[in-house]
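Report on the structure
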Amino acid sequence: MSQTPFIFFCRPGFESDCAAEIQAFANAYDLAGYANAQPNTGYVRFQLFDAISEQRLFAELDLVDLIFVRQWFWAKAELTGLAAEDRVSPIMKFCADIGIAKSLLVEHLDNDSGRGLSRFCKKFSTPLTIALEKQGLLSKKTPGECAEGRESQLHILFLANDHCLIGYSPLGKASALKGGILRLKSPKDAPSRSSLKLDEAIQVLISNKQRKAVFRLGHTAVDLGAAPGGWTYQLVQRGMQVTAIDNGPMDKRLMATEHVIHLRENALTWMPEKPVHILVCDMVEKPSLVAKLMAKWLVAAKTEHAVFNLKLPMKKRFQEVSDCIGEMCEQLEEHEINYYWQAKHLYHDREEVTVYFRRKMPRQN
Ligand SMILES: C[S@@+](CC[C@H](N)C(=O)[O-])C[C@H]1O[C@@H](n2cnc3c(N)ncnc32)[C@H](O)[C@@H]1O
């Protein structure tokens, strides 16, 4: 049987970073393959050379481990020239080969033509869901496995209204959201649109359990490079007392909440006396400098949780992020500190990625 591509969604313009990341991931597992990344398409095709490698990649891939990837699946068929009168029947034929799926996503890419397919995909999802359920191919309750022995999510990716890719991902290892995009509404009173970046980061990068532990009334936070206050706003909304460090002015309404202390200090050198529950940082600075600063806070145990942006105006963005995170890990390991990290090119991020580090405290008996 011939090999079929793995599909990875990314922000248009970041295809080469996405491809570099997948290549590095495959290399780490000794899997030989090649990426096909066309600029500004918003996706990458990755093809392996043999069936065993395909199965291994499928088994190892997990969205949480990937930075520039928003969504992924293993394509099993590509259909072109779909007739407008009946697109369901030809698609159903390939879905039957995949087996019973637990969920279905009818998706499009985040490029100009892809966004134009949004209404079409939404509409098409209803007749396809009905047909799949009728044939017993889509069911939350019926136990079912796809060919690789895992519960699966079915993906239909439309590249045009007569052209689609059909495939699947293991349940829980890809995004349950269409295109992997978490759409958020900007609150009317938020001081800046970048407020949404921290909202998304909190929802995507921090687990439910950790969110409950951190965001409590009266808990403390520091926001480095805070002005005008979009990120501070998100922390205040979650009941926190925030120290905002920036030479620039903070939003007046936000200051009137009395949940914020504004210090006109240098965020590269300032540190609190007492530890805070969370540190956030959106400074426009060299990524290596920000990473060093975050490691300093974590090593000094000034916080257990750090959420920060690494701004990436350079070409080799995947390499830069890997180097910065690698440096941080080295620093923490040198001090025998246990940690967890996750990084993501979030939907609301532009030329930057958002990183979350948690310093794991030793368990107390
Ligand atoms: C992208 S803006 C932050 C936007 C903010 N997160 C928001 O949501 O409104 C970056 C900020 O970092 C501040 N900044 C850069 N370097 C700094 C430093 N060394 N010390 C303090 N603030 C700094 C700038 O003044 C600027 O206000």
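Here's what I pulled together on the structure shown here. (Residues numbered from 1 in each chain as written. Predicted model: local features only at pLDDT ≥ 70, side-chain atom pairs only at ≥ 80, totals over all residues. Heavy atoms only, no water.)

Focus on unusual backbone geometry
Here the amide bond leading from A227 into P228 is cis, since omega sits at 5°, within 30 degrees of zero. Mapped onto the fold, P228 is located in the loop between β8 (220–224) and α8 (230–237). Of note in the backbone geometry, D30 takes a positive phi value of approximately 60° without being a glycine. Structurally, the position occupied by D30 is in the loop between α1 (15–28) and β2 (33–37). Taking the relative accessible area as the measure of exposure, D30 reaches 73% and is therefore exposed. (Helix = DSSP H or I, 4+ residues; strand = E, 2+ residues; numbered from the N terminus. Buried < 20%, exposed > 50% of the residue type's maximum accessible area, 1.4 Å probe, protein only.)

Comments concerning the nonpolar core
By size, the foremost hydrophobic cluster in this structure holds 82 residues, and its most contacted members are F8, I91, F158 and L224. Residues from two domains meet in this core; each of domain 1 (6–180) and domain 2 (195–360) gives at least three. Apart from the residues within four sequence positions on either side, F8 is in contact with C18, I22, G42, Y43, V44, F46, L61, L66, V69, Q71 and W72. Residues I206, F215, V242 and V260 belong to the second largest nonpolar core, which totals 25 residues. (Core = buried A, V, L, I, M, F, W, Y, C linked by side-chain atoms within 4.5 Å. Domains from an automatic or database assignment. Contact = heavy atoms within 4.5 Å.)

Quick notes on the state of the cysteines
Under the criterion given, the structure shown has 0 disulfides. The thiol of C95 is unpaired, and the distance to the nearest cysteine sulfur, on C164, comes to 8.5 Å. On the basis of relative accessibility, which here comes to 1%, the residue C95 falls in the buried class. Looking at C324, it has no disulfide partner, and the nearest cysteine sulfur is the one in C329, 11 Å off. (Disulfide = S-S within 2.5 Å.)

That's the geometry; what it means functionally is another story.
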